[in-house]
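# Understanding the architecture of this molecule
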Amino acid sequence: MTLLEAHNLPFAIAVMIFVFIAVLQIVGAGDWFDSGDVDIDLDLDGPSGGGFVDGMMSLLGIGRVPFLVWLIVLLFTFAAIGVAGQQSLIAITGAPLPTLLAALAAGTAALPLTGVLTRPLANLMPQDETSAIRLDSLVRREAEIQIGTAEAGSPARAKVIDRHGQAHFVMVEPHDPEAVLREGETVLLAAREGQTFYGVQYQNPNLALN
């Protein structure tokens, strides 16, 4: 089988990782990889290089879709380009590229192509699943308790809107161990530890004027 030839080893590994991730998603274990938003938003908004980095990330498609989706597209594209390129070289010259050189060439081509492919995918993804951001950027934002009652040691599910206008669902406990945050309440996310946020009871001052 062509994929199992020695010169296609990097592409065979990419296919195996692709299949492994796909199986985990099918059986519902994919959250082990993507239990929260991936911490890839560099927050480089200052004058020193932020525009260049943001531009490169946008070109490569990073942040347009959840990281796991981006990785799957990259793996598939890398393997497809690599195997097709090796087969073409064998047909033309009678010999494939050395394994390392073939992997480097396929990776160089796959990265920008992944960026192109993720653009239409981003439009198809549910809006509350897009915009990979730093979880810390959700601190000091309002969240609404949607499911359950949050008590110390017993978080509840809350909805928070990030700066891009996208919805994220996080687990929230009260910052004050004696407090109780009930379903429907709006809280201010004051701190974060791991995947758990700590909220305080909060009333939007704009609402008080109405």
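What comes next is a walk through the structure.

Take the overall build of the chain next. From N to C terminus, the chain includes 5 helices and 5 strands. Counting from the amino terminus, helix and strand elements in the chain follow one another as α-α-α-α-β-β-β-β-β-α. Partitioning the contacts of the chain with sequence separation of at least 6, the portion at a separation of at least 24 is 62%. If you sum the accessible surface of the chain, you get close to 12,100 Å²; carbon and sulfur atoms cover 62% of it.

Let us now look at the environment of Q195. You can see Q195 is positioned in the loop between β4 (186-193) and β5 (196-201). The sequence separation of Q195 and V170 amounts to 25 residues, and the corresponding C-alpha distance is 7.5 Å.

Residue alternation in strand β2 (residues 156-161) divides its side chains into a buried set, A156, A158 and V160, and an unburied set, R157, K159 and I161. In the sheet, strand β1 (residues 142-147) pairs with β2 via 4 bridges, with the strands oriented antiparallel. What sits directly across from I145, in β2, is A158. Looking at chain direction, β2 and strand β3 (residues 167-174) are connected through 6 bridges and run antiparallel. Opposite I161, over in β3, you have A167 as the bridge partner. Following β2, the chain reverses through 5 residues before pairing antiparallel with β3; G165 in that reversal takes a positive phi of roughly 85°.

Where nonpolar side chains cluster on the molecular surface, the patch consists of L9, I13, M16 and I17 and spans about 370 Å² of accessible area. With respect to the helices and strands, the residue I17 is situated in helix α1 (residues 9-26).

All right, on to helix α3 (residues 67-93) then. One turn of an α-helix holds 3.6 residues; hence residues three or four places apart share an orientation. Between its first and last C-alpha, α3 extends 38 Å over 27 residues, near the 39 Å set by a 1.5 Å rise per residue. Turning to α3, its buried residues are L68, W70, V73, L74, L75, T77, F78, A79, G82, V83 and Q86. A positive phi of about 90° marks G94, the residue just after α3.

Looking now at the pairing of β5. Bridge analysis of β3 against β5 gives 4 bridges, and the strand direction is parallel. Note on β5: the bridge partner recorded for E173 is Y198. Between β4 and β5, which pair antiparallel and follow one another directly, the connecting turn spans 2 residues, one of which, G194, has a positive phi of 65°.

Procedures and definitions
Residues numbered from 1 in each chain as written. Predicted model: local features only at pLDDT ≥ 70, side-chain atom pairs only at ≥ 80, totals over all residues. Heavy atoms only, no water. Helix = DSSP H or I, 4+ residues; strand = E, 2+ residues; numbered from the N terminus. Contact = heavy atoms within 4.5 Å. Areas by Shrake-Rupley, 256 points an atom, 1.4 Å probe, with all protein chains shown as cover. Buried < 20%, exposed > 50% of the residue type's maximum accessible area, 1.4 Å probe, protein only. Pairing = 2+ DSSP bridges. Patch = residues over 30% accessible without salt bridge, like charges linked within 9 Å, V, L, I, M, F, W, Y side chains within 5 Å. Salt bridge = Lys/Arg side-chain N within 4 Å of Asp/Glu carboxyl O. Expected span 1.5 Å × (residues − 1).

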